[in-house]
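The chain contents come next:
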Amino acid sequence: MRKKRELRDDPLQSVAIMGPRNDALEAQNPDLLRSPSTDAGTVPNLKFSFSAAHNRVTKGGWAREITERELPIATTIAGVNMALNPAGIRELHWHKQAEWGFMLAGSARITAVDPQGRNFVDDVNVGDLWNFPPGIPHSIQGLAEGCEFLLAFDDGNFSENETFLISDWFAHTPRGVLAKNFGVPENAFANIPIDIARARWIFQGKIPGPLTSDKVASPAGPAPLQYSYRLQAQAPLKTAGGQVRIVDSRNFPAASTIAAALVELDPGGMRELHWHPNADEWQYYIGGRGRMTVFASSGKARTFDYRAGDVGYVPFAMGHYVENLGDEPLRFLEIFRSSYFADVSLN
């Protein structure tokens, strides 16, 4: 038997929950179960967790996504949480959208080729970023310990399951055409993977050698644009309640459509009351436990609770704050479809 749960407004009044309930979910969302008295009106859902997203698993790794399908309010940014086994490879591919990446754990080797045939190869570690503009072919490979990372795309309708794959294109091109294109016999393509969904996309490879061994000489030379960025090497802006590192096209020119801030709030700290005058805000919570109230104008406001792996969203110009409710740092990313970061402080 379970005791009735009471929602108390004051010691003299209570409302009991008598029917079925999900105790674990309620415990993680206390401000939905019993909203602050300052919440009012109807505000769309501004939270979705990667834990509730479908996970596509392969022998080389896995990926799950939060798009406009899962979080309808999120029209400007879609997110993918991906992991690669040691030597797992995200096949050479490209998108119509820009891909912005943040390494959460482990390390990986990223490669890209620009329109002039100039190559880019680099190893990225925890806290490092990368950005591949639309149409730039690229690949990602987990190194000795494997890796996990967050990807953000500048279109809420983006889906990781609908990218341009080299193997998919080959499988839908006549062998004679491939042979003529590459100047080799048709039998060179006899073993092209046909079941792309299971054999490619993410597949298992072999641990690569040193970075220098993977750098391919190009007649056109190396790519002049640096597609990776060492965010952790950037000196943070420190405040009374925590610190922040801001990255956009001003210090990372490859990221011309996505700006971001890595925010770290001390226990009891708060991301002050503010709004953004240039874009919606897409959030990814890395660690800790926090709460955000969003003011939507016209007497409307709603409060949400967030933990590691959750995604939050704040529509353009809506006022909000984020408060650390735990006894450890609250770390999260603020991501915007914009060339630059901007906010307006209520202070």
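Structure first, text after, so check above.
Residues numbered from 1 in each chain as written. Predicted model: local features only at pLDDT ≥ 70, side-chain atom pairs only at ≥ 80, totals over all residues. Heavy atoms only, no water.

> Got a minute to help me understand the pattern of salt bridges in this structure?
Oppositely charged side chains may form a pair once their charged atoms are brought near each other. Per the stated rule, a full pass over the model turns up 18 salt bridges. For R250, the salt bridge identified is with D248, shortest N-O distance 2.5 Å. Since its relative accessible area comes to 2%, D248 is described here as buried. Residue E334 is joined to R271 by a salt bridge in which the shortest nitrogen-to-oxygen separation is 2.9 Å. Here E334, found in strand β24 (residues 330-337), pairs with R271, found in strand β18 (residues 270-275); they are 63 residues apart in sequence, far enough to count as distant. Here the two residues E334 and R271 agree in accessibility, since each one is buried. (Salt bridge = Lys/Arg side-chain N within 4 Å of Asp/Glu carboxyl O. Buried < 20%, exposed > 50% of the residue type's maximum accessible area, 1.4 Å probe, protein only. Helix = DSSP H or I, 4+ residues; strand = E, 2+ residues; numbered from the N terminus.)

> For this particular structure, what's the right way to read the nonpolar core?
The nonpolar side chains of soluble globular proteins are, as a tendency, buried together. Formed by 53 residues in total, the largest nonpolar core has its most connected members in W100, W130, F149, W282 and I335. The element best represented in this core is strand β11 (residues 138-153), accounting for seven residues. With near-sequence residues (within four places) excluded, W130 lies in contact with E99, W100, G101, M103, I110, V124, I140, F149, L151, Y227, S228 and F252. Counting 21 residues, the second-largest nonpolar core is a separate cluster that includes V43, V263, F332 and F336. (Core = buried A, V, L, I, M, F, W, Y, C linked by side-chain atoms within 4.5 Å. Contact = heavy atoms within 4.5 Å.)

> Just checking my understanding: could you explain the sheet that holds strand β19 (residues 281-287) for this structure?
Whenever strands of a sheet pair, they do so through backbone hydrogen bonds, lying parallel or antiparallel. Strand order in the open sheet formed by seven strands is β3-β22-β19-β24-β17-β16-β15, and the pairing between neighbours is antiparallel. Each edge of the sheet is formed by a strand with only one pairing partner; in this case those strands are β3 (47-49) and β15 (237-239). With strand direction ignored, the average angle separating the axes of adjacent strands in the sheet is 20°. (Pairing = 2+ DSSP bridges. Axes fitted to C-alpha atoms, helices over the stretch in contact; angles between N-to-C directions.)

> Honestly, the pairing of strand β6 (residues 78-84) in this entry has me stumped. Any pointers?
On any regular strand, side chains alternate: one points to one face of the sheet, the next to the other face. Across the seven residues that make up β6, a large majority, seven, are buried. Of the pairings in the sheet, the one linking strand β5 (residues 61-66) to β6 comprises six bridges and is antiparallel in character. Looking at the pairing, G61 lines up with L84 of β6. Relative to β11, β6 runs antiparallel, the two sharing seven bridges. Counterpart to A83 in the pairing with β11 is E148.

> What am I meant to see in the sheet that holds strand β20 (residues 289-297) here?
Taking strand neighbours across the sheet as the criterion, the five strands line up as β21-β20-β23-β18-β25 in an open arrangement whose pairing is antiparallel. Each edge of the open sheet is held by one strand with a lone partner, namely β21 (300-307) and β25 (344-345). Looking at chain direction, β18 and β25 are connected through two bridges and run antiparallel. Pairing of H274 across the sheet is with S345, part of β25.

> Hey, could you run me through the packing of aromatic side chains in this one?
The geometry of an aromatic ring pair is captured by two quantities: the separation of the ring centres and the angle between the planes. According to the stated counting rule, one finds 15 aromatic pairs in the structure shown. Centre to centre, the rings of F120 and Y227 are 5.3 Å apart; their planes meet at 85°, and the pair counts as edge-to-face. Remark: Y227 occurs in the loop between α6 (211-214) and β14 (228-230) and F120 occurs in strand β9 (residues 119-124); sequence separation between them is 107 residues. Here Y227 falls in the buried class, since its relative accessible area comes to 3%. Measuring from centroid to centroid gives 6.0 Å for F182 and F189, while their planes differ by 40°, and the two rings are tilted. In this structure F189 comes out as buried when scored by relative accessible area, which is 8%. Pairwise contacts between aromatic rings join Y285, F304, Y306 and F332 into one cluster. For R200, the ring lying beneath its charged end belongs to F203, and the centroid distance is 4.3 Å. (Phe/Tyr/Trp six-rings, centres within 6.5 Å; stacked < 30°, edge-to-face > 60°. Lys NZ or Arg CZ within 6 Å of the ring centre and 35° of its normal.)

All quantities given are derived from atomic positions and should not be read as evidence of function.
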